Amino acid sequence: MQNYLIHTDDQLLQLLYQSDEAAFAEIYNRYWKPLYTSAHNILQLRDAAQDVVQEVFISLWKRRQEIKVDILQSYLHQAVRFQVFKAIRAEKTDQLFFNRLSQISKDILFEDPVLFKELESIYKQLIQSLPPDEQEIFLLHRDGGLTYKQIAEQKNISVKTVEKKMSRALKEIRFGMDDAMMVAVVTSASILLK
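From a predicted model like this one, the values you see are computed outputs, not experimental measurements. (Residues numbered from 1 in each chain as written. Predicted model: local features only at pLDDT ≥ 70, side-chain atom pairs only at ≥ 80, totals over all residues. Heavy atoms only, no water.)

### Observations regarding the overall build of the chain
Part 1: For the chain, the helix and strand inventory stands at 9 helices and 0 strands.
Part 2: Within the chain, contacts between residues separated by at least 24 positions form 61% of all contacts whose residues are at least 6 apart in sequence.
Part 3: For the chain, the computed accessible surface area is about 12000 Å², with 53% contributed by carbon and sulfur atoms. (Helix = DSSP H or I, 4+ residues; strand = E, 2+ residues; numbered from the N terminus. Contact = heavy atoms within 4.5 Å. Areas by Shrake-Rupley, 256 points an atom, 1.4 Å probe, with all protein chains shown as cover.)

### Structural notes on the packing of aromatic side chains
Part 1: Enumeration according to the criterion identifies 4 aromatic pairs in this entry.
Part 2: Aromatic rings pair up to connect Phe-24, Tyr-28, Phe-57 and Trp-61 into one cluster.
Part 3: The ring of Trp-61 carries Arg-64 above its face, with NZ or CZ at 3.8 Å from the centroid.
Part 4: Across from the ring centre of Tyr-17, 4.3 Å away, lies the NZ or CZ of Lys-68, which sits over that ring. (Phe/Tyr/Trp six-rings, centres within 6.5 Å; stacked < 30°, edge-to-face > 60°. Lys NZ or Arg CZ within 6 Å of the ring centre and 35° of its normal.)

### Digging into the confidence of the model for the chain
Part 1: Here the chain shows a mean pLDDT of 80. Residues at 70 or above account for 77%.
Part 2: By mean pLDDT, the top-scoring element of the chain is helix H1 (residues 9–17) (92), and the lowest-scoring one is helix H5 (residues 95–111) (58).
Part 3: Every residue in residues 189–194 is under pLDDT 50, and counting partners more than four places away or in other chains gives 11 contacts. (pLDDT = per-residue confidence, 0-100.)

### Topic: the packing of H1 against helix H2 (residues 21–43)
Part 1: Where H1 meets H2, the closest approach of the two axes is 8 Å, and the angle between their N-to-C directions is 140°. By the angle between their axes, H1 is oblique relative to H2. H1 and H2 meet at a crossing whose hand is left-handed. When H1 is examined against H2, the residues Asp-9, Leu-12, Leu-15 and Leu-16 are found in contact with a partner set consisting of Ala-23, Phe-24, Glu-26, Ile-27, Arg-30 and Tyr-31. (Axes fitted to C-alpha atoms, helices over the stretch in contact; angles between N-to-C directions. Parallel < 35°, antiparallel > 145°, perpendicular 65-115°, else oblique. Left-handed = near helix turned anticlockwise from the far one by under 90°.)

### Re helix H3 (residues 46–62)
One turn of the α-helix equals 3.6 residues, which is why residues spaced by three or four share an orientation.
Part 1: With 17 residues, H3 should reach 24 Å at 1.5 Å per residue; the first-to-last C-alpha distance of 24 Å fits that figure.
Part 2: The complete set of buried residues in H3 reads Ala-48, Ala-49, Val-52, Val-53, Val-56, Phe-57 and Leu-60. (Expected span 1.5 Å × (residues − 1). Buried < 20%, exposed > 50% of the residue type's maximum accessible area, 1.4 Å probe, protein only.)

### Comments concerning unusual backbone geometry
Part 1: Although it is not a glycine, Ser-19 sits at a positive phi angle of roughly 65°.
Part 2: Overall, Ser-19 belongs to the partly exposed group, its relative accessible area being 24%.
Part 3: Unusually for a residue other than glycine, Asn-156 sits at a positive phi of about 60°.
Part 4: Take Asn-156: it is sitting in the loop between helix H8 (148–155) and helix H9 (159–192).
Part 5: According to the relative accessible area criterion, Asn-156 is exposed, its value standing at 72%.

### Quick word on the packing of helix H7 (residues 132–142) against H8
Part 1: Relative to each other, H7 and H8 sit at 135°, their axes nearing to 10 Å. Looking at the two axes, H7 sits oblique to H8. The handedness of the crossing between H7 and H8 comes out as right-handed. Facing H7, whose interface residues are Glu-136, Ile-137, Leu-140 and His-141, H8 presents Tyr-148, Ile-151, Gln-154 and Lys-155.
Part 2: A breakdown of the residues in the contact of H7 with H8 according to their chemical character gives 4 nonpolar, 2 polar and 2 charged. (Nonpolar A, V, L, I, M, F, W, Y, C, P; charged D, E, K, R; others polar.)

So this is what it looks like as structure tokens:
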């Protein structure tokens, strides 16, 4: 009988790919507590943190023959961050968390210029991903300082059309930035709170 305690992560992964349940159990035993701590530091809710970790391990087992993992520990921690993000999006957390998240995000934006640059880059990519007409209207309004009426006159379209296209552009950008901010803040918060 093999002693799985002495196996390296790489050896355990190779056995996991072969559906070795004892190897999976050792991975679980080795990483459950640090993953739970990481999730709990962000969510501050015991049940939600446990659910996150369970989801990570269920997914690992179900996808064991299709995933390729380079560094097991990094993979599992990234999977926890993703599940934490999903839990937040599914509103499994309370208002206190969102208040705390808001404060953390403000602190990070002012104290972490690298993160700010990444978010600024995402913002620019989101603008570039808009349909050309929406992108042009958005830039004329935001960067050019033109009113909806001035844009309508310049483009020879109705003010209603400008409003509609601006509304769609803003919705897309807000949605993309909300996701980017949440991922960045959750990732940074998990590092800060370790």
